[in-house]
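Architecture at a glance
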Amino acid sequence: MIQATDHITKTFMNELHTFTLLFLAMLLVSTLMRLYLSQRQINHVAKYRAEVPESFAENISLQDHQKAADYTTAKVRFGRLPLFYEAALLLVWTLGGGLDWLDKNIFALDLGPMLTGIAVILIYALISSLLDLPFSIYNTFVIEERFGFNRTTVKTFITDMIKGGLLGMAIGIPLLYVILWLMQQAGDQWWIYTWLVISGFSLFMMWVYPTWIAPIFNKFEPLEEGETLNRIKTLLQRCGFSSNGIFVIDGSKRSSHGNAYFSGFGRNKRIVFFDTLLKMLSDDELEAVLAHELGHFKKKHIIKGMAISFATTLAGLAILAWLMKADWFYSALGVSNPSTYMALLLFTLVMPVFTFVFQPLFSIFSRKNEFEADAFAAEQTDAKYLIQALVGLYRENASTLTPDPLYSAFYDSHLSLIHI
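Note that residues are indexed from 1 along each chain, following the sequence as it is written. Since the coordinates come from a predicted model, pLDDT governs what is reported: local features require at least 70, and pairs of side-chain atoms require 80 or more to be given and counted, while whole-chain, interface and lining totals use all residues. Side-chain numbers come from the whole structure's heavy atoms, not from hydrogens or water.

1. Section: the overall build of the chain
Looking only at helices and strands, one finds 16 helices and 4 strands in the chain. Relative to the 2.2 N^0.38 estimate, which gives 22 Å for 420 residues, the radius of gyration of the chain is 24 Å and therefore close to what a compact globule would have. For the chain, the spread of C-alpha atoms along the three principal axes comes to 70 × 50 × 40 Å. Residue contacts are defined here by distance: any two heavy atoms, one from each residue, within 4.5 Å place the two residues in contact. In the chain, 76% of the contacts between residues at least 6 apart in sequence involve partners at least 24 apart. Exposure was quantified through the Shrake-Rupley algorithm and a 1.4 Å probe, taking into account, for residues, occlusion by the shown protein chains and nothing else. With an accessible surface of roughly 21900 Å², the chain has 64% of that area assigned to carbon and sulfur atoms. In this tally Asp and Glu are treated as negative and Lys and Arg as positive; neither His nor the chain ends contributes. Charge positions come from single atoms, namely NZ of Lys, CZ of Arg, CG of Asp or CD of Glu. Each charge sign in the chain was given a centre, from 33 positive and 36 negative side chains, and these centres are 2 Å apart. What counts as a helix is a DSSP run of H or I of at least four residues, what counts as a strand is a run of E of at least two, and both are numbered from the N terminus. With C-alpha atoms as the basis for the radius of gyration, the globule rule is written as 2.2 Å multiplied by the number of residues raised to the power 0.38.

If you want it as structure tokens, here you go:
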């Protein structure tokens, strides 16, 4: 701790760059904004806790409404602790000399540039994951448990963590190797080649995820023959959607929250229902929910989202290519030895600080898509069943009906039910 404090003091006294000040200013602004938004959400939910909104009084009981308010408040309050912790940890890793210390110790092993870079990034990721673990444990076994949603056992939690870590290394290390190799060997245009690799990798992962990765964590069973399946097949034919199967996932193994989605693309698309969702909704409501998900497909929201993702990735890599050549980028963030892997790691760490202010734009885009998907569902099914399904999901998932408008504008990717 004394060493870290001395390093911070030295950085401030001897290397106080303009970018350092900009980084600190943006970190302060983003942290205060998050804190302000969280307080608005807490106050707004508390203000309307005593009474169910009039338009939902017949469908949502006061007990369910207050449970949703308390659940929302508990989640937001708890989220403040990681907020300060993450900001402090970011300062320790950067201006506090954490990354510089890690880099120097790994570099001393004389592993070579590629292995050194991979080792530094992997050890950083491991340390960060271990430091984040208490928050994940508390959220799962305290908050989710308190409100009756948690069904994850300690064994399942540990198994998921081990599987996730091993899978992350199996997939991430080869990709990281290719990216670092391109950064070092592909010349000034490395960022274009890297973008092509990342884009291709993303498409490949979308294709293999349904059949190879998702089953590692959950069991997928084909939806049983019967009225529900027949109605779904009829809807798919009417919408011109072909899939590689309709499956039920054992979501109840970890949580009582319900959901539905489709994944993959091309001939490898899968429609997936959580088993909890099947218990929540009637066939009419389930059909309406699926029509909503199909709306995303028919309106090309997936393709549009991928295009935006690819474009922002390309822009980010172009910025990184520029910053990587600037010695001040490293020194301003507490790193004494410039390198390609350290540029990549620093960029990944600090970019969220600068991009937080753009969060509402992505939320607006997402809510627009949700509105279009709702409209499509209303065309394909009876709109009243979609409304009933959404009300049921809000009730069963303890989602608040009264979010703060500004908080919602920043964070909510879906329309608030009270505005539908």
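Now that the structure is up, let's keep going.
2. Let's talk about the pattern of salt bridges
Salt bridges, as used here, are contacts in which a Lys or Arg side-chain nitrogen is within 4 Å of a carboxyl oxygen on Asp or Glu. One pass over the structure, following the stated rule, counts 11 salt bridges. The partner of R49 in a salt bridge is D70, and the shortest N-O contact between them spans 2.8 Å. Placement of R49 in the loop between helix 2 (18-47) and helix 3 (62-93) and of D70 in helix 3 is noted, with a sequence separation of 21 residues between them. Looking at D70, the relative accessible area reads 30%, which means it is partly exposed. For K368, the salt bridge identified is with E372, shortest N-O distance 2.8 Å. Relative accessible area decides the class of each residue, using a 1.4 Å probe on protein chains only: under 20% of the type maximum gives buried, over 50% gives exposed, and in between gives partly exposed.

3. Some thoughts on the packing of aromatic side chains
Each Phe, Tyr or Trp ring, with Trp reduced to its six-membered ring, pairs with another whose centre is within 6.5 Å; inter-plane angles below 30 degrees give stacked pairs, above 60 give edge-to-face pairs, and intermediate values give tilted ones. Under the counting rule described, the total for this entry stands at 18 aromatic pairs. An angle of 50° between the planes, with centres 6.3 Å apart, marks the rings of F78 and F135 as tilted. Here F78 is found in helix 3, whereas its partner F135 is found in helix 5 (residues 113-146), with 57 residues between them in sequence. Each of the two residues, F78 as well as F135, counts as buried. On the basis of an interplanar angle of 65° and a centroid distance of 5.4 Å, the ring pair of F141 and F157 is categorised as edge-to-face. Here the residue F141 occupies a position in helix 5, and F157 occupies one in helix 6 (residues 154-185), the gap between them amounting to 16 residues. Taking the relative accessible area as the measure of exposure, F141 reaches 25% and is therefore partly exposed. A positively charged side chain is recorded as over a ring if its NZ (Lys) or CZ (Arg) lies within 6 Å of the ring centre. The angle to the ring normal must also be within 35 degrees. Across the ring face of F356, the terminal group of R34 is positioned such that the distance to the ring centre comes to 4.0 Å. In this structure, R270 is placed above the aromatic ring of F220, and the distance from its NZ or CZ to the ring centre is 5.6 Å.

4. Looking at a nonpolar patch on the surface
Together, V154, I158, M161, I162, L166 and M169 line one region of the surface with nonpolar side chains, adding up to about 550 Å² of accessible area. With respect to the helices and strands, the residue I162 is situated in helix 6. The partly exposed category is assigned to I162, whose relative accessible area is 48%. Nonpolar side chains (Val, Leu, Ile, Met, Phe, Trp, Tyr) are joined into patches within 5 Å and like charges within 9 Å, using only residues with over 30% relative accessible area and no salt bridge.

5. Brief notes about the nonpolar core
The set of buried Ala, Val, Leu, Ile, Met, Phe, Trp, Tyr and Cys residues whose side-chain atoms join them within 4.5 Å is what this entry labels a nonpolar core. F23, L99 and M342 are the most contacted members of the largest nonpolar core, which has 46 residues in total. Sorting the residues of this core by element identifies helix 2, helix 3, helix 4 (98-107), helix 5, helix 6, helix 11 (301-324), helix 12 (327-331) and helix 13 (340-355) as the ones contributing at least two each. Of the residues forming this core, the biggest block, 11 residues, is contributed by helix 13. By size, the runner-up hydrophobic cluster in this structure holds 33 residues, among which are F274, F376, L386 and L390.

6. Structural notes on the environment of F19
Residue placement: F19 occurs in helix 2. Along the chain, F19 and V335 lie 316 residues apart, while their C-alpha atoms are 13 Å from each other. The contact partners of F19, leaving out residues within four places of it in the chain, are W328, F329, A332, L333 and F354.

By themselves, these are just geometric observations and shouldn't be taken as functional.
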